Amino acid sequence: MKLLPKLGRRTVAEPGEVALHARNVQFDWSRTEPVWMKDEPVASHVLNALSMLLPEGERMFLVTFGEALELVKDEKLREAMIGFIGQESMHAESHGGALEEVLATHGIDVEPYVRQTEFLFRKTLGPRENASEAARQQQLVERLGVIATLEHFFAWLGDWVLNAELEKFDTDPQMLDLFRWHGAEEVEHRMVAHDVAEYFEVGYFRRGALMLLVFPIFIALLLRGTKYLVHQDSSLPNHRYPMLILRIFAAMWRGAVPGIPSLLISALSTFKPGYTPETVGSSAQAIAYLAQSPAARMMAS
């Protein structure tokens, strides 16, 4: 059963604090198709939907952290934020490339969905240029809280993809490396957004309220994106939502996509007083993967 989290698998000593830096990567998408897990077409589109969400979301992260950086006096935190910005910039660029060269090249029009994500992250969660200084400061704090909430999910997803046995589904190695490289860096920098939220005093109650708001929206956007991609893919039946949800849960059971119950348990862990994302994933495992990621090694050679 793959719906609930595995416990007690960490045996490697953690490396302590790690200096964050962006890694140049290069992917060859010439042989990758939209259904990149041949045995799991719907699961492929669940993760493709995540790729459609990520570029604009991460660009919002970059804008928001750029604003916040000017206000941070702690040099250690500033250094971590700069490393975070570099990594998120490369994530946005790499997933954007996958959208263009894998989905769009194979006849899947991603633009309508991407335009919706642009509205969400640029307008709804973007800076308010015409607001008063006090209102802009308050909105900045809210956006930092949203980022900290999303980064909890992304670290959890990163840990999942590093440990999921996706190769058994006849998986394209390039796309698998994209998600594992990205996931490993999410685990590596999992403390940064939390520490920034603490620095700006987002607070326990606001973080809790944001989790209650962001969790269902995040799941709904993924489901909507999956429905859109399945509809666009002529090789698949155009399932209505009830049947699509059943197929997604079946893929969860087989371990092809993350389990919503275990993601919910992880989300609820953020309500514990004194919560930090330190225990979400293993830095040692993440760094070990980053050292042998084919895309990262290709650029390093």
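Just so it is clear, the model here is predicted, and its values are computed rather than measured.

Conventions adopted
Residues numbered from 1 in each chain as written. Predicted model: local features only at pLDDT ≥ 70, side-chain atom pairs only at ≥ 80, totals over all residues. Heavy atoms only, no water. Helix = DSSP H or I, 4+ residues; strand = E, 2+ residues; numbered from the N terminus. Buried < 20%, exposed > 50% of the residue type's maximum accessible area, 1.4 Å probe, protein only. Contact = heavy atoms within 4.5 Å. Areas by Shrake-Rupley, 256 points an atom, 1.4 Å probe, with all protein chains shown as cover. Lys, Arg positive; Asp, Glu negative; His and termini not counted. Charge placed at Lys NZ, Arg CZ, Asp CG, Glu CD. Patch = residues over 30% accessible without salt bridge, like charges linked within 9 Å, V, L, I, M, F, W, Y side chains within 5 Å. Salt bridge = Lys/Arg side-chain N within 4 Å of Asp/Glu carboxyl O. pLDDT = per-residue confidence, 0-100. Core = buried A, V, L, I, M, F, W, Y, C linked by side-chain atoms within 4.5 Å. Phe/Tyr/Trp six-rings, centres within 6.5 Å; stacked < 30°, edge-to-face > 60°.

Undergrad: Teacher, can you tell me more about the overall build of the protein chain here?
TA: The helix and strand tally for the protein chain stands at eleven helices and zero strands. Start at the N end of the protein chain and walk to the C end: the helices and strands fall as α-α-α-α-α-α-α-α-α-α-α. Projected onto the principal axes, the alpha-carbon positions of the protein chain cover approximately 55 × 45 × 40 Å. Taken across its 301 residues, the protein chain has 52% of its residues classed as buried. Here the contacts in the protein chain between residues at least 6 apart in sequence split such that 83% fall between residues at least 24 apart. Looking at the protein chain as shown, the accessible area adds up to about 14,400 Å², and 58% of this sits on carbon and sulfur atoms. For the protein chain, the separation between the mean place of its 29 positive charges and that of its 38 negative charges on side chains is 5 Å.

Undergrad: When you look at a negative patch on the surface in this model, what are you seeing that I'm missing?
TA: Where like charges cluster on the molecular surface, the negative patch consists of Asp28, Glu100, Glu101, Asp109 and Glu111. Note that Asp109 resides in the loop between α2 (75–103) and α3 (111–124). Residue classification places Asp109 among the partly exposed residues on the basis of a relative accessible area of 41%.

Undergrad: How should I be thinking about the confidence of the model for the protein chain in this particular structure?
TA: The predicted coordinates of low-pLDDT regions are not to be read in fine detail. With 93% of its residues at a pLDDT of 70 or more, the protein chain shows a mean pLDDT of 91. Note that residues 5–9 has pLDDT below 50 and, in this model, four contacts with residues that lie over four places away or in other chains.

Undergrad: I'm lost on the side chain of Glu88 in this one. Help?
TA: Inspection of the secondary structure puts Glu88 in helix α2. Buried charge Glu88 goes without a salt bridge, the closest partner of opposite sign being Arg59 at 10 Å. Setting aside chain neighbours within four positions, we find Glu88 in contact with Glu58, Phe61, Leu62, Glu151, Glu186 and His189.

Undergrad: Explanation requested: the nonpolar core in the structure shown.
TA: Across soluble globular proteins, nonpolar side chains have a tendency to be buried as a group. By size, the foremost hydrophobic cluster in this structure holds 90 residues, and its most contacted members are Phe65, Met81 and Phe153. Discounting chain neighbours no more than four positions away, the residues touching Phe65 are Met81, Phe84, Ile85, Leu144, Ile147, Val192, Ala193 and Val196.

Undergrad: Can you help me understand the packing of aromatic side chains in this one?
TA: We describe a pair of aromatic rings using the distance from one ring centre to the other and the angle between the two ring planes. Summed over all chains, the structure comprises twelve aromatic pairs. Judged by centre distance (5.7 Å) and plane angle (55 degrees), the rings of Phe153 and Phe215 are tilted. Of the two residues, Phe153 sits in helix α4 (residues 133–163) while Phe215 sits in helix α7 (residues 204–232), which places them 62 residues apart along the sequence. The class for Phe215 is buried, based on a relative accessible area of 14%.

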